[in-house]
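Structure assessment
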Amino acid sequence: TGQRGRETVARPAAGLLRLLLVAAGSLLPDGRSGQTIARAAAFPAGSMMRAVVYSRLDPEGVKIASKARPSAINATRKSSNILCRVVCAGINPVDAKGLVGDKLPHACSSLARRAIDGNTVGFDFAGTVMEVGAGCEYKPGDAVFGTMPPGAGSFCEYVSAPLDQVALKPAALSFAEAAALPLVGLTALQSLVHDNKLSRGQHLLLIGASGGVGHVALQVAKSVGASVTAVCSQRNAALVSRLGADRVVDYTKGDTEGQLRAAVQQGGKFDLCLDTVSSLEEKDREFRYADMVRTHGGGDAMLTGKYVTIGGPPLDWVMAGLKRTVGISLFSSSRELFWVRFPKSAQALKDLAQMCDSGKLRPILAAEVSMHDEAAVQEAFARLHSRRVVGKQVVRVSPDDASQQ
């Protein structure tokens, strides 16, 4: 009976996990690994590299291991990928949550951890082009930044990066700063500007303004001329003001709703809200921001537009996956969960690079750790779980001049 009960739970959980992996791009609809099919010939036997991989039995669920190194790219043939040596890789909350673990019910977390064991960690990277195919816009020696597909990983010495997910590194940024930008920058630009048309004169409510996505979203919003009310703790108020926030709401001060109403009196009702804090975790939902701004005494709502989150319950992730993969939205016009899009993001990365080079955007580095120090990487993941990281952490994979080695 116990075995039958476990199977009853495991089967729908496995189905949900498969659906989310398909939406993320890690699996093809029939269940085969898209990464394995795309790169089966790219890993010659005996050619190895160092990488950080998921390991559910190790501290923080990660360890250093040897992985197959991508093979050379034939310069006489066209290729949809370029071979890059990674200099730095950005650490994101999704990495510490096990790739898809934050998108599933807690009861399914063990299944999710098993599914990703051995996969290389990470999405973001900045590095140097080593080899390209015929007719490629990049050349060996170019400094680039971008993202890797889900499950492919970026915490490793070399990556075979999709051309439609990379761009030239902003000249104004170091490799470490550039590696901190792709996922959070794309999330901010796509959710605010591309999808919800935030523009000059509009009023944005930004919850979690000092975090990885939040501090970049603040700068992106200001770059398009929006007015921003930023929610953060008192200790980060000066930082978000320096980044351009017009008004700061200190959630540690008490009477958060009263502070938000004062912001509305000063700047008008909110045209859009980006909530970078709320997630499936109860401690991330304790302030009930959506209830505060969307409804109050009938028609006295502070928000006139959409309430956008980047975390939430599994059903929201399923609906976000449908919108992401087939363009069908089942969300109401007043709320949605946003899921960042990596394919065909090269132009968006170029736009982010332009913002950086024009002085409108610069990611803040909270910490830089060596990929070759396993304990340091694990400590960086532990800091993410604390919910108190200001800006972004990065992993140093190789020296800035690694392309010369």
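These notes cover the structure that comes with them.

Procedures and definitions
- Residues numbered from 1 in each chain as written.
- Predicted model: local features only at pLDDT ≥ 70, side-chain atom pairs only at ≥ 80, totals over all residues.
- Heavy atoms only, no water.
- Helix = DSSP H or I, 4+ residues; strand = E, 2+ residues; numbered from the N terminus.
- Expected span 1.5 Å × (residues − 1).
- Buried < 20%, exposed > 50% of the residue type's maximum accessible area, 1.4 Å probe, protein only.
- Contact = heavy atoms within 4.5 Å.
- Salt bridge = Lys/Arg side-chain N within 4 Å of Asp/Glu carboxyl O.
- Phe/Tyr/Trp six-rings, centres within 6.5 Å; stacked < 30°, edge-to-face > 60°.
- Lys NZ or Arg CZ within 6 Å of the ring centre and 35° of its normal.
- Patch = residues over 30% accessible without salt bridge, like charges linked within 9 Å, V, L, I, M, F, W, Y side chains within 5 Å.
- Areas by Shrake-Rupley, 256 points an atom, 1.4 Å probe, with all protein chains shown as cover.
- Pairing = 2+ DSSP bridges.
- Axes fitted to C-alpha atoms, helices over the stretch in contact; angles between N-to-C directions.
- Right-handed = clockwise from strand over helix to strand, strands pointing away.
- Core = buried A, V, L, I, M, F, W, Y, C linked by side-chain atoms within 4.5 Å.

1. Looking at helix H13 (residues 374-385)
In a regular helix each residue adds 1.5 Å, so 12 residues correspond to 16 Å; H13 covers 17 Å between its end C-alpha atoms and thus fits that length. Taken residue by residue, H13 has Ala376, Val377, Gln378, Ala380, Phe381 and Leu384 as its buried positions. The inward-facing, buried residues of H13 abut strand S1 (48-54), strand S2 (62-68), strand S3 (81-91), helix H3 (93-96), strand S14 (365-370) and strand S15 (392-396). Note on H13: the residue one or two positions beyond its end, Arg387, has a positive phi of about 65°.

2. Quick notes on the pattern of salt bridges
What the rule picks out here adds up to 14 salt bridges. A salt bridge links Lys306 to Glu336, with the nearest nitrogen and oxygen atoms 3.7 Å apart. On the criterion of sequence distance, the pair formed by Lys306 in strand S12 (residues 303-309) and Glu336 in strand S13 (residues 335-337) is long-range, its members being 30 residues apart. With respect to class, Lys306 is no different from Glu336; both count as buried. Across the pair Glu368 and Arg396 runs a salt bridge, and its minimum N-O distance is 3.0 Å. Placement of Glu368 in strand S14 and of Arg396 in strand S15 is noted, with a sequence separation of 28 residues between them. Here Glu368 falls in the partly exposed class, since its relative accessible area comes to 42%. Because the salt bridges share partners, they merge into one network encompassing Glu257, Arg261 and Asp300.

3. Quick look at the packing of aromatic side chains
The full count for this structure, using the stated rule, is 3 aromatic pairs. Seen in terms of ring centroids, Phe123 and Phe342 are 5.4 Å apart; in terms of plane orientation they differ by 40°. Their pairing is tilted. Placement of the pair is Phe123 in the loop between helix H4 (109-116) and strand S4 (124-131) and Phe342 in the loop between S13 and helix H12 (346-357), with a sequence separation of 219 residues. Across the pair, exposure class does not vary: Phe123 and Phe342 are buried alike. Ring centres of Trp317 and Trp339 lie 5.1 Å apart, and the angle between their planes is 85°; on these two criteria the pair is classed as edge-to-face. Of the two residues, Trp317 sits in helix H11 (residues 314-326) while Trp339 sits in the loop between S13 and H12, which places them 22 residues apart along the sequence. Residue Trp317 is classed as buried on the basis of its relative accessible area, which comes to 4%. Across the ring face of Phe175, the terminal group of Lys169 is positioned such that the distance to the ring centre comes to 5.2 Å.

4. Describing a nonpolar patch on the surface
A cluster of nonpolar side chains, Leu322, Val326, Ile328 and Leu330, forms an exposed patch at the surface whose accessible area comes to about 350 Å². Residue classification places Leu322 among the partly exposed residues on the basis of a relative accessible area of 33%.

5. Points about the sheet that holds S12
With respect to topology, 6 strands assemble into an open sheet ordered S10-S9-S8-S11-S12-S13, the strand pairing being parallel. Looking at the sheet topology across the chains shown, the edges are occupied by strand S10 (247-250) and S13. Ignoring strand direction, the axes of neighbouring strands in this sheet form an average angle of 15°. Direction of pairing for strand S9 (residues 227-232) relative to S10: parallel, over a ladder of 4 bridges. Within the sheet, the bridge partner assigned to Val231 lies in S10 and is Val249. Against the sheet, helix H9 (residues 256-267) engages strand S8 (203-207), S9, S10 and strand S11 (270-275), with an angle of about 170° to S10.

6. Concerning the pairing of S14
Every other side chain in a regular strand lies on the same face of the sheet, so the side chains alternate between the two faces. Bridging between S14 and S15 involves 5 bridges; their strand directions are parallel. Within S15, the position partnered with Leu365 by the bridge is Lys392. Between S14 and its parallel partner S15, the chain crosses via H13, and the hand of that crossover is right-handed.

7. A word on the nonpolar core
Within the largest apolar cluster, 100 residues are counted, with the highest numbers of intra-cluster contacts made by Ile82, Phe125, Leu204 and Leu352. In terms of residue count, the dominant contributor to this core is S3 (8 residues). Those residues in contact with Leu352 that sit more than four places away from it in its chain are Leu181, Gly185, Leu186, Leu189, Val220 and Leu361. Residues Ile207, Val249, Cys273 and Met292 belong to the second largest nonpolar core, which totals 15 residues.

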